[in-house]
Every structure is written in C-alpha cells, then in structure tokens.
Amino acid sequence: MAMDEAMMQLSGKWFHALGISQAQFAANPYPVYRHWQQTSPIKELAPGQWMILNYDDVRNILMDGRFIKRTPVPRTPPPKFHTLPVLSPSMLVTNPPDHTRLRSLVNRAFQPKHLERLRPYIAELAGELLDSFVNNGGGNLVEDYAFPLPALVIAELLGVPAKDRNLFRSLSQKIALMIDPTQEPAIRQQGQEARWELLDYFHHLAQQKKQNPGDDLLSALLQVQGQEGTLSAGELLTMSLLLLVAGHETTTNLISLGTYRLLMTPSALDELRLHPELWASAVEECLRFESPVQLDGRMAQQDVRMGDQIIPEGASVTLVLAQANRDPRVFPNPDTFDIHRHPNMHLAFGRGIHMCLGASLARMEATIAFSQLFRYSLELHGEPVFNPNVLLRGLKLLPLIVKGAQ
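Okay, so let's go over this structure. (Residues numbered from 1 in each chain as written. Predicted model: local features only at pLDDT ≥ 70, side-chain atom pairs only at ≥ 80, totals over all residues. Heavy atoms only, no water.)

## Examining the overall build of the protein chain
In terms of regular secondary structure, the protein chain is built from 17 helices and twelve strands. Its C-alpha atoms give the protein chain a radius of gyration of 21 Å, within 12% of the compact-globule value 22 Å for 406 residues. Each principal axis of the C-alpha atoms in the protein chain carries an extent, and together these give about 55 × 55 × 40 Å. Restricting the contact set of the protein chain to residue pairs at least 6 apart, pairs at least 24 apart contribute 70%. Here the protein chain displays about 18100 Å² of accessible surface, and carbon together with sulfur accounts for 53% of that area. Across the protein chain, the centroid of the 37 positively charged side chains sits 3 Å from that of the 41 negatively charged ones. (Helix = DSSP H or I, 4+ residues; strand = E, 2+ residues; numbered from the N terminus. Rg over C-alpha atoms; globule rule 2.2 N^0.38 Å. Contact = heavy atoms within 4.5 Å. Areas by Shrake-Rupley, 256 points an atom, 1.4 Å probe, with all protein chains shown as cover. Lys, Arg positive; Asp, Glu negative; His and termini not counted. Charge placed at Lys NZ, Arg CZ, Asp CG, Glu CD.)

See below:
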C-alpha cells in the first residue's frame, strides 16, 4: 500500500514506516506490531531511536535502572499565564531522587484501603449515569458513561468542585492528543494551550483551598507544602494536572474498549452475568488484550547490550506494551480474549518505579462500571470509531442501544 505523504511529515519519525493510514492503524495496530516482533523484536527505527516488542525485553527495561525517563527542563509560563510559577516536570518524567520524593507524597492516597472509601461513590455515580443512558435508549457510551465516570471520580479525589467538572472534558482530551508524537502540529499546539488553561485553573483552585481546605488530596498536599522534601508551587500544579489527566483518560479507554470487546465475545459476557466473581479476571484480560497505554518510553544512560544488539548511550527507546501483552511466548493464543486467562502478568500498568500509581483505582472503577453496565442487554448500533492516538488507545464513538434489563 502506498505510503501517505502527509504521514511522513508527522513528528513521530517511526509512524510513516507502517505504510497504512492512521485510521487503519488506530482500528487495529496489532498485526503491524506482530509483524515487527517476528522480523525484528529489537528494532532500530532511525539513528538514536529504538523500538522493543518482546515481553521479556520490555519488562526488563521497565525495571532496569540503566534506562531512565528523559526529563524536560522546567518551563516558564507564557505571558498570558504570567501569574503561574515556573513549572517543574511531573513524576511521570522524572527519575530518583525527585521521582521518589514526588511519588511518596501521593502514594498513600492511592493505596487500595484508602480508595475503598470511594467505592460507594463510584457505584452511585455509575448508577446515575446509566439511568440517563437507559432512559435515552442508549447513545455513545464513551460520551455518556466511559468518560464522565472516571473524570468525576478523579475530580472527587482531588477536590474539584462539581460546578467546574465539565471544564475538563475538552481540555483533557486535547492534552491527551498532545503527548502523542504522531499528531499534526496544530493538534499538539491545541493540547499545549489546553495544558496551560488547566494549570491556571489548578493555580486558582489551590489559592482557594489554602483558605478553605477540604477532605481531598489537593488540600492535603497544600497542608504539607513548604515542609522539607515536599512540593514546590510548580510541582503542585504539575502533580495536579498529571493526576487529573492520567487518572481518567486511560480509565475511560479501559471502560470503552472493554465494553466493545465483551460485546464482541458474547459467550464471555453470558458467563460473567452468571458468575460475577469473574469480573476481576475479565478486567485483567481487557487490560492485556486492549492496553489503554500502548507505548512507554525510556532513554539509555549507557551502552546496553540486548541480545546481539547494543543500544547506545542517549538512545530513545519506545517500549511497545501493546505487543508485549500479546507475545505468544508468554500468553498462549494471545489474540484470543479469554476471561479465564491465568496467570495474566500483563504490562498494561507498567513495572518498576514508574508502575501506574492509579492501577487499583482503575481496576475498581472498571469492575464497577462493567458489572453495572451489563445488567442491561446492549447492542451495537453502528460502527465504533477509534481515537487516532498511537500512545493512548481508545474509542471516541461506541454507539449502543439498550434492549432491556437482564
């Protein structure tokens, strides 16, 4: 197939090598990744750029201190947002000791025992959203259920007032596209602007919570701010932004992709309705089969030998989590969706010091979301549309009609 010339101009230098359209790749990237794994599992895309596809290699790099995050320099806000402090890099892109300090400040809030207090809220919210969805006879599950549920949950955890929560809908989606290197420059620029708008919002919210703290994570971080080893003003803002965007965008994708996959596997859905104790296992298989985060990145601190290849110091390494989770040497029949798969040691949440902080929360939200949603008989009402995002896999349209209660 002829290569799309426009695709070659995108900032992600490896994407043009696919030789297919972005829409085709978004709908089903797995045959491409499988072909690459079979031909060159440690693949040099261009000088200084490598792609890793085998499960063992990806897992090892995630846990290998010789591979680190490429940390950007602190950013001075543009003139429009001159009241903001200099923005420090978030813990997503920092390395020890800064990463250790930043993560320790929020780690407690994401421990399973502390998240349990959110369970009744999540269940109630899911029920309210579904009532509206069912009363309308269905709709776009992404817009009506998969997006608002995790967005409202992370807003509750952070202490964002209810009146402001719709603000994050368009801003967070633009930011999610910004971090995908294959997007057009204009789209990435929109994401940059949305990022500053959201940071400005958190700056004003923090000022309010200094005066009137609540029982939320943002207030808790403000109360310790200024103590040795805690957050600077710039770190507080980037932490807030990271938790909000990372805390709902990927879970939205998990819920929408998982719903689609379950509808495409009716035998599994029938079994789950009879045996709801299997929902936890089903969520793990959704994470493996359709990893919401498809890629991760590292930089080699030194020359590292992998097999018969040497990844040189300073090289950028793209880890294809999506293909690692379908490596046939680790997952028998990897392209089969199997809710009984055990063990299921997928890498959807990563490994090592950067393993996803919100993994327990995402699992809880997805389990509640699926178990409540599939009390109803649902049917696809048109073709789903995938987001054109190589990094974060998800749907922007999942049209469903409600046929009745089960």
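## Considerations on unusual backbone geometry
Of note, the bond from P96 into P97 is cis; its omega dihedral lies within 30 degrees of zero at 5 degrees. Locating P97 in the fold gives a position in the loop between β3 (67-68) and α5 (98-107). The backbone phi angle of N333 is positive, close to 45 degrees, even though this residue is not glycine. Within the secondary structure, N333 is located in the loop between α16 (321-324) and α17 (359-373).

## Quick look at the nonpolar core
Ranked by size, the top nonpolar core spans 90 residues in total, and within it Y145, L149 and F202 carry the most contacts. The dominant element in this core, judged by the number of residues it contributes, is helix α13 (residues 233-263), at 14 residues. Apart from residues no more than four positions distant in its own chain, F202 is found in contact with L158, V160, L218, L237, S240, L241 and L244. Within the second largest apolar cluster, 19 residues are counted, among which are Y55, V304, I311 and V317. (Core = buried A, V, L, I, M, F, W, Y, C linked by side-chain atoms within 4.5 Å. Buried < 20%, exposed > 50% of the residue type's maximum accessible area, 1.4 Å probe, protein only.)

## Some words on the pattern of salt bridges
Summed over the entire model, instances satisfying the criterion amount to 16 salt bridges. Across the salt bridge formed by R34 and D335, the nearest N and O atoms sit 3.5 Å from each other. One end of the pair, R34, is in helix α3 (residues 30-39); the other, D335, is in the loop between α16 and α17, with 301 residues separating them in the sequence. The class for D335 is partly exposed, based on a relative accessible area of 43%. For R329, the salt bridge goes to D327, with nearest N and O atoms at 3.2 Å. Residues joined by salt bridges that share partners form a network here, namely R34, R326 and D335. (Salt bridge = Lys/Arg side-chain N within 4 Å of Asp/Glu carboxyl O.)

## What about helix α15 (residues 279-289)?
Counted residue by residue, α15 has nine buried out of eleven residues, so it is predominantly covered. All of the buried residues along α15 are W279, A282, V283, E284, E285, C286, L287, R288 and F289. Summarising the contacts, the buried residues of α15 are in contact with α3, α13, α14 (266-274) and α17.

Shape is all these values report; function is a separate question.
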